[in-house]
Amino acid sequence: MATPGVLCFRDITALAPMVRVGTLPMRLLALDYGADIVYCEELIDIKMVTCERVVNEELDTVDFVAPDERVMFRTCERERDRVVFQMGTADPDRALAVALLVEKDVAAIDVNMGCPKEYSTKGGMGAALLSDPDKIEAILTKLVQGLSKPVTCKIRILPSMEDTVRLVQRIERTGVAAIAVHGRTREERPKHPLHCDFLKAVSGAVGVPVIANGGSLDMVKSFEDVAAFRSATGAAAVMLARAAMWNPSVFRRQGLLPVQTVMEDYLKYAVRYDNHAFNTKYCLCQMLRDKVESEMGKLVKTAQTLSDICAAYGMQAYYEEVQVLLRSRRGLHPPETPV
Ligand code: FNR
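Calculation criteria
Residues numbered from 1 in each chain as written. Predicted model: local features only at pLDDT ≥ 70, side-chain atom pairs only at ≥ 80, totals over all residues. Heavy atoms only, no water. Patch = residues over 30% accessible without salt bridge, like charges linked within 9 Å, V, L, I, M, F, W, Y side chains within 5 Å. Areas by Shrake-Rupley, 256 points an atom, 1.4 Å probe, with all protein chains shown as cover. Salt bridge = Lys/Arg side-chain N within 4 Å of Asp/Glu carboxyl O. Lys, Arg positive; Asp, Glu negative; His and termini not counted. Charge placed at Lys NZ, Arg CZ, Asp CG, Glu CD. Helix = DSSP H or I, 4+ residues; strand = E, 2+ residues; numbered from the N terminus. Buried < 20%, exposed > 50% of the residue type's maximum accessible area, 1.4 Å probe, protein only. Contact = heavy atoms within 4.5 Å. Axes fitted to C-alpha atoms, helices over the stretch in contact; angles between N-to-C directions. Parallel < 35°, antiparallel > 145°, perpendicular 65-115°, else oblique. Nonpolar A, V, L, I, M, F, W, Y, C, P; charged D, E, K, R; others polar. Near = heavy atom within 4 Å. Polar contact = N/O pair within 3.5 Å; in protein donor to acceptor, adjacent residues only side chain to side chain. 1 Å grid on protein atoms, 1.4 Å probe; cavity = no way out; pocket = protein on both sides within 12 Å on 5 of 7 lines; lining within 4 Å. Sits in = over half its atoms within 2 Å of the grid points. Phe/Tyr/Trp six-rings, centres within 6.5 Å; stacked < 30°, edge-to-face > 60°. Lys NZ or Arg CZ within 6 Å of the ring centre and 35° of its normal.

## Observations concerning a positive patch on the surface
Here is step 1: There is a patch of like positive charges on the surface, built from Arg20, Lys117, Arg189 and Lys191.
Here is step 2: Tracing the backbone through its elements, the reader meets Arg20 in the loop between strand E1 (13-15) and helix H1 (24-33).
Here is step 3: By relative accessible area, which is 43% here, Arg20 ends up partly exposed.

Below, the structure is given as structure tokens:
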């Protein structure tokens with residue numbers, strides 16, 4: 001980070017956007033362990049545009065709450081200069097409306113242009129945008145011109161290297177602050193080898209920082225692999241998804257922490273920020289990986305509440321302590337009594 005408050009995309013590691021995984025507890029944990037930038041899970045513009053911004057004094061967070069009272073996006077002061085809000089969109093005007101709603105609470109706005117899943121592509125979002133560069137240009141130009149925060153996007157590579165380079169150069173001309181590139185095509189799955197040569201070609205073809213992505217499993221298992229991944233791709237920065245989902249201490253310069261410690265750290269944030277129990281379970285199960293069928297895994301999977309999950313980890317005392325703290329805050333801000 002060069003200047004406080006101004007996001008720098010060079011020489012950094014980023015927590016990748018991940019649906020269900022990239023909620024507040026995971027983002028704060030990744031920051032604690034050393035990530036410089038954290039992306040939230042992809043949030044769809046149509047849902048976000050209906051949300052209301054609510055200051056949650058009890059939790060000390062800012063919540064974006066849907067009409068059905070679901071908290072779509074929860075953030076806090078600690079990550080304000082580091083969190084990138086990623087949205088799924090195929091509509092420049094709606095994208096800008098959502099970006100303006102969240103702009104002052106986040107460090108940058110990102111558009112997902114790589115998701116190959118049908119729920120994204122059938123609405124013209126995600127990887128569908130890769131075959132509509134005019135739409136890409138329209139969305140990014142609208143955002144860059146309408147916002148005071150940096151705008152970025154995350155793409156996948158195209159089947160041809162020349163077309164990928166041309167696309168990235170066109171994106172650069174919209175004025176984005178960085179481009180994250182997952183080095184696989186929209187048809188390729190994580191098991192397919194990563195195209196480091198494509199990442200190197202795009203990194204060399206533009207002046208804007210390219211953030212290399214796709215190296216989990218094969219290339220990056222712990223922080224000491226990050227530098228090699230960066231030099232293999234020639235990129236300005238590195239973004240990690242699965243490696244961080246399995247063990248977010250991958251961002252730790254001193255090396256990985258035992259997963260048990262990481263899960264406990266994660267659960268503390270989940271309790272502190274009242275993260276949804278099912279979302280918390282999902283993330284813990286990703287960290288348990290092949291131990292998800294163990295006794296511990298079964299306890300986590302059958303838990304229904306954060307209190308149950310804490311019991312599985314022997315952290316009931318912590319759970320109670322936080323409830324006392326939150327109750328006392330509620331006392332400080334009593335609900336208005338109807339006249
Ligand atoms: C993802 N990915 C993803 N990408 C994105 O742009 N927005 C998203 O919301 C998601 N969601 C998501 C959820 C989960 C559980 C996974 C594993 C992945 C893709 C991700 O950001 C990344 O591009 C790929 O996983 C490749 O990077 P790694 O895993 O090799 O570091």
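## As for the environment of Arg186
Here is step 1: Among the structural elements, Arg186 can be located in the loop between strand E10 (178-182) and helix H7 (196-205).
Here is step 2: Residue classification places Arg186 among the partly exposed positions, given a relative accessible area of 30%.
Here is step 3: Measuring from C-alpha to C-alpha, the distance between Arg186 and Met315 comes to 42 Å, with 129 residues separating the pair along the chain.
Here is step 4: Excluding residues that lie within four positions of it along the chain, Arg186 makes contacts with Pro116, Thr121, Ala127, Ala128, Ser131, Arg156 and Ile157.

## With respect to unusual backbone geometry
Here is step 1: Phi is positive for Asp11, which is not a glycine, with a value near 60 degrees.
Here is step 2: Mapped onto the fold, Asp11 is located in the segment before E1.
Here is step 3: Note on Asp11: relative accessible area 58%, which makes it exposed.
Here is step 4: Notably, Arg289 is not glycine yet its phi reads approximately 45 degrees, a positive angle.
Here is step 5: Here Arg289 is to be found in the loop between helix H11 (277-288) and helix H12 (295-302).

## Here we look at the packing of helix H10 (residues 259-272) against H11
Here is step 1: Put simply, H10 and H11 touch, their axes get as near as 10 Å, and they point 170 degrees apart. As the angle between them shows, H10 and H11 are arranged roughly antiparallel. Mapping the contact onto sequence places Val259, Val262, Met263, Tyr266, Leu267 and Ala270 in H10 and Asn279, Thr280, Cys283, Leu284, Met287 and Leu288 in H11.
Here is step 2: Split into classes, the residues belonging to the contact of H10 with H11 amount to 10 nonpolar, 2 polar and no charged.

## Digging into the site of the ligand
Here is step 1: Around the ligand lies a shell of 17 residues, among which Gln86, Lys154, Asn213, Ser216 and Arg242 are the nearest.
Here is step 2: The backbone of Val19 places a nitrogen or oxygen atom 2.9 Å from a nitrogen atom of the ligand.
Here is step 3: With respect to the ligand, the side chain of Asn213 contributes an N or O atom lying 2.5 Å from an oxygen atom.
Here is step 4: For the ligand, whose unbound accessible area comes to 610 Å², protein coverage reaches 85%.
Here is step 5: At a threshold of 2 Å from the grid points, most atoms of the ligand map onto the second largest pocket.

## Focus on the packing of aromatic side chains
The geometry of an aromatic ring pair is captured by two quantities: the separation of the ring centres and the angle between the planes.
Here is step 1: Evaluation of the coordinates by the stated rule reveals 3 aromatic pairs.
Here is step 2: Three or more aromatic residues link up through ring pairs in this structure, and these residues are Phe64, Phe73 and Phe85.
Here is step 3: Here the guanidinium or amino end of Arg20 rests over the ring plane of Tyr282, the centre of that ring lying 4.7 Å away.
Here is step 4: Sitting over the face of the ring of Tyr318, Lys268 holds its NZ or CZ atom 6.0 Å from the ring centroid.

## Some details on the pattern of salt bridges
Here is step 1: Using the criterion set out here, one finds 14 salt bridges in the structure.
Here is step 2: Put simply, Asp45 and Arg94 hold a salt bridge, and the shortest N to O gap is 3.1 Å. Within this pair, whereas Asp45 is found in helix H2 (residues 45-48), its partner Arg94 is found in helix H3 (residues 92-102), the two being separated by 49 residues in sequence.
Here is step 3: Note on Arg94: relative accessible area 29%, which makes it partly exposed.
Here is step 4: Put simply, Arg74 and Asp63 hold a salt bridge, and the shortest N to O gap is 2.8 Å. You can see Arg74 sitting in strand E6 (residues 71-75) and its partner Asp63 sitting in strand E5 (residues 61-65), a full 11 residues away along the chain.
Here is step 5: Sharing partners across several salt bridges, the network here consists of Asp134, Glu137 and Arg170.

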